[in-house]
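Residues per chain, in single letters:
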Amino acid sequence: MTAEHDVQGIGITELAERFGTPMFVYDGEALRRQYQGLRERLHPAVDMFFSLKANPNLSICAVLHSYGACAEVSSLTELITARRAGVAPRDIIFLGPGKSRDELAACLREQVYAVVVESFGELELLDEVAAEHGVVAPVALRVNPEFAVKGGGLTMGGKPRQFGIDEAQLFAAADLGVRLPNIRLMGVHAYLGTRILSEEVIAENTTRILDLAERLAERHGFPLEMVDIGGGLGVAYFEGETDLDPALVAERVNPVVEAFRTRHPDTRVIMELGRYLTAPSGVYVVGVRYVKESMGQRFAVADGGTNHHMAAVGTGSFVKRNYPMVLLNRVTEPAAAEWQVTGPLCTPNDTIGKNVPLPAVRPGDLIGVLRSGAYGPTASPVHFLSHGYPAEVLVHEGRAYLIRHRDDPEDLLSHQPMHEDLTTPAQLVPAASTSNGHTSNGRIRVS
Ligand SMILES: *Cc1c(COP(=O)(O)O)cnc(C)c1O
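Residues numbered from 1 in each chain as written. Predicted model: local features only at pLDDT ≥ 70, side-chain atom pairs only at ≥ 80, totals over all residues. Heavy atoms only, no water.

- For the protein, an unreviewed UniProt entry supplies the name Diaminopimelate decarboxylase and the organism Micromonospora phaseoli.
- Under the UniProt heading Pathway (unreviewed entry), the note attached to the protein is "Amino-acid biosynthesis; L-lysine biosynthesis via DAP pathway; L-lysine from DL-2,6-diaminopimelate: step 1/1."
- The Cofactor (unreviewed entry) field of the UniProt record for the protein holds the comment "pyridoxal 5'-phosphate". (UniProt positions renumbered as here; feature names shortened; annotations may be inferred.)

What follows is the structure in structure tokens.
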């Protein structure tokens, strides 16, 4: 007998039988390890905020919150999610370049800790909405810095961006603090990129953002109640990548924070963490429906694919790099051949693994895409071919919980009202005899 993958002692076959496939399974223990591993080492002045964007599931947010995480949200639903998960308003910040009036109003109603403002236009609108509510809005200015620090997957600083306000514009602005009576400037935010796997780069970012925040607060004479140093901490997905070492992150970042705190002992420093917290905990589990060969290549056609896990397709890179993938129900069996692992969509792009070394795959097998706890279904075209969201399962303290049921056809169709007029048989008039001046080939008749 070959061993199977398990989550806290619960076998993957049992989970698949109980909840069906495709599904995402999250290991609460891995979530805790990832959170605590950094929390225990990081400077106590740094508050860790979970970016719900990476995994907006209510239970994931609740569990991370139970470990101590605060919340960074970017939509009305994410805000409501964080509140339902039990996160206190003073531990929530709201950011995003295109906030609606309703979202700004919700921030004020819920009394979030800070609205991270990303444009002058938003600042004015927020002032207006705050006046309507008879409150003063706490604002952190998101800066688009002039500098960029290399070493991440996606760099944000030093480029034209819809995010934040250019550093130069912020320093040039004349009366930022005083012109808008319902705005209270209290913080600075900058986010320099994602998928950063270098402890040095994280420390360098932190140094520069803290410095920028100090200068900006001084320039406009507002008290620096908080600085959000962004984050963008990555996890290793591909060959040649190495995970960050939380001890080393702390070793590099803590002295920077400590030096800042001697000048600003009461300033709350915020680090945003999305992928870093949730990615390692998740596995995307698909069931193999068919195996076939085409022109010398082996295909495992599974019940789920890029519709739930677009990130695994690896577009954008020149050579497709696979996420780590395994045959979950026979993990110890050695790889025997290379497989194309594909999903149910009618497009050749629906390939979640190319030339994946696997043992002989059979229908009914379970294939897992590891490290899939971030930017999975939430960042995928889940409605393509109307398959909908997959099931999500969390194993927490030895028990498996269904934390999102898979969409069924009624879930999906319930958003489409039925109009009787549109579903009764139409009286089709022969196209050639239409009298609207158009011939059947669409040209205007000139009789
Ligand atoms: C996307 C995003 C995050 C989370 O990014 P990760 O790479 O998942 O940690 C945090 N802050 C901002 C501003 C973001 O846009």
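### A short note on the pattern of salt bridges
Thinking step 1. Per the stated rule, a full pass over the model turns up 21 salt bridges.
Thinking step 2. For Asp-47, the salt bridge is made with Arg-268, and the minimal N-O distance between the two is 2.7 Å. Of the two residues, Asp-47 is situated in strand E4 (residues 46-51) and Arg-268 in strand E14 (residues 268-273); the sequence distance between them amounts to 221 residues.
Thinking step 3. Note on Arg-268: relative accessible area 9%, which makes it buried.
Thinking step 4. Salt bridges sharing partners connect three or more residues here, namely Asp-47, Arg-90, Asp-91 and Arg-268. (Salt bridge = Lys/Arg side-chain N within 4 Å of Asp/Glu carboxyl O. Helix = DSSP H or I, 4+ residues; strand = E, 2+ residues; numbered from the N terminus. Buried < 20%, exposed > 50% of the residue type's maximum accessible area, 1.4 Å probe, protein only.)

### Observations regarding the packing of aromatic side chains
Centre distance and the angle of the planes are the two values used to describe a pair of aromatic rings.
Thinking step 1. The final tally for this structure, using the stated rule, is 5 aromatic pairs.
Thinking step 2. With a centroid separation of 5.8 Å and 45 degrees between ring planes, the pair formed by Tyr-237 and Phe-238 is classed as tilted. Accessibility assignment for this pair places Tyr-237 and Phe-238 in one class, buried.
Thinking step 3. Ring pairs connect the aromatic residues Phe-24, Tyr-26 and Tyr-284, which therefore count as one cluster. (Phe/Tyr/Trp six-rings, centres within 6.5 Å; stacked < 30°, edge-to-face > 60°.)

### So, helix H5 (residues 101-110)
Thinking step 1. Taken together, the buried positions of H5 are Glu-103, Leu-104, Ala-105, Ala-106, Cys-107 and Leu-108.
Thinking step 2. As for H5, its buried residues are in contact with helix H4 (76-84), strand E6 (92-94), strand E7 (114-117), helix H6 (120-133) and strand E8 (137-144).
Thinking step 3. Positive phi appears at Gln-111, one or two residues downstream of H5, with a value of about 60 degrees. (Contact = heavy atoms within 4.5 Å.)

### As for the site of the ligand
Thinking step 1. Within the structure, the ligand sits among Ser-51, Lys-53, Glu-72, Leu-95, Arg-142, Tyr-191, Thr-194, Glu-272, Gly-274, Arg-275 and Tyr-375.
Thinking step 2. Glu-72 places a polar side-chain atom, nitrogen or oxygen, 3.4 Å from a nitrogen atom of the ligand.
Thinking step 3. Protein contact buries 94% of the 390 Å² of open area that the ligand shows by itself.
Thinking step 4. Looking at side-chain class alone, the shell around the ligand contains 3 nonpolar, 3 polar and 5 charged residues. (Near = heavy atom within 4 Å. Polar contact = N/O pair within 3.5 Å; in protein donor to acceptor, adjacent residues only side chain to side chain. Areas by Shrake-Rupley, 256 points an atom, 1.4 Å probe, with all protein chains shown as cover. Nonpolar A, V, L, I, M, F, W, Y, C, P; charged D, E, K, R; others polar.)

### Structural notes on the UniProt feature "active site" (unreviewed entry) in the protein
Thinking step 1. Per the UniProt record, the feature "active site" (unreviewed entry) sits at Cys-346.
Thinking step 2. Given the relative accessible area of 70%, Cys-346 is considered exposed.

### Comments concerning the environment of Ala-203
Thinking step 1. Position of Ala-203 relative to the elements: it lies in helix H8 (residues 199-220).
Thinking step 2. Those residues in contact with Ala-203 that sit more than four places away from it in its chain are Arg-252, Val-253 and Val-256.

### Brief notes about the side chain of Lys-99
Thinking step 1. Here Lys-99 lies in the loop between E6 and H5.
Thinking step 2. Its relative accessible area of 9% is what places Lys-99 among the buried residues.
Thinking step 3. At 2.6 Å, the side chain of Lys-99 forms a polar contact with the backbone oxygen of Val-116.
Thinking step 4. There is a polar contact of 2.6 Å between the side chain of Lys-99 and the side chain of Glu-122.
Thinking step 5. In this view, Lys-99 contacts Phe-94, Leu-104, Val-115, Val-116, Val-117, Glu-118 and Glu-122; residues no more than four positions away in its chain are not counted.

### Points about the pairing of strand E18 (residues 337-342)
Thinking step 1. Burial of E18 is extensive: 5 of the 6 residues sit out of reach of the surface.
Thinking step 2. Pairing of strand E16 (residues 297-302) with E18 involves 4 bridges; the strand directions are parallel. Paired with Val-301 across the two strands is Thr-342, which belongs to E18.
Thinking step 3. Here E18 pairs with strand E19 (residues 351-358) via 5 bridges, running antiparallel. From the neighbouring strand, Val-341 faces E19, where its bridge partner is Gly-353. (Pairing = 2+ DSSP bridges.)

### Details of the domain arrangement of the protein
Thinking step 1. Examined at the domain level, the protein breaks down into domain 1 (88-273) and domain 2 (281-407).
Thinking step 2. Centre-to-centre, using C-alpha coordinates, domain 1 lies 36 Å away from domain 2.
Thinking step 3. Contact residues are listed per partner, giving 7 residues for domain 1 and 5 residues for domain 2.
Thinking step 4. Counting the surface lost from both domain 1 and domain 2, the interface buries some 600 Å², and carbon and sulfur atoms represent 49% of this.
Thinking step 5. When the buried area of domain 1 at its contact with domain 2 is split by residue, Tyr-237, Phe-238 and Asp-243 rank highest and sum to 80% of it.
Thinking step 6. Summed over the shared surface of domain 1 and domain 2, the number is 1 salt bridge.
Thinking step 7. For the salt bridge of Asp-243 with Arg-371, the shortest nitrogen-to-oxygen distance reads 2.9 Å.
Thinking step 8. Looking at side-chain class alone, the side of domain 1 that touches domain 2 contains 4 nonpolar, no polar and 3 charged residues. (Domains from an automatic or database assignment. Buried area = accessible area lost by both parts, 1.4 Å probe.)

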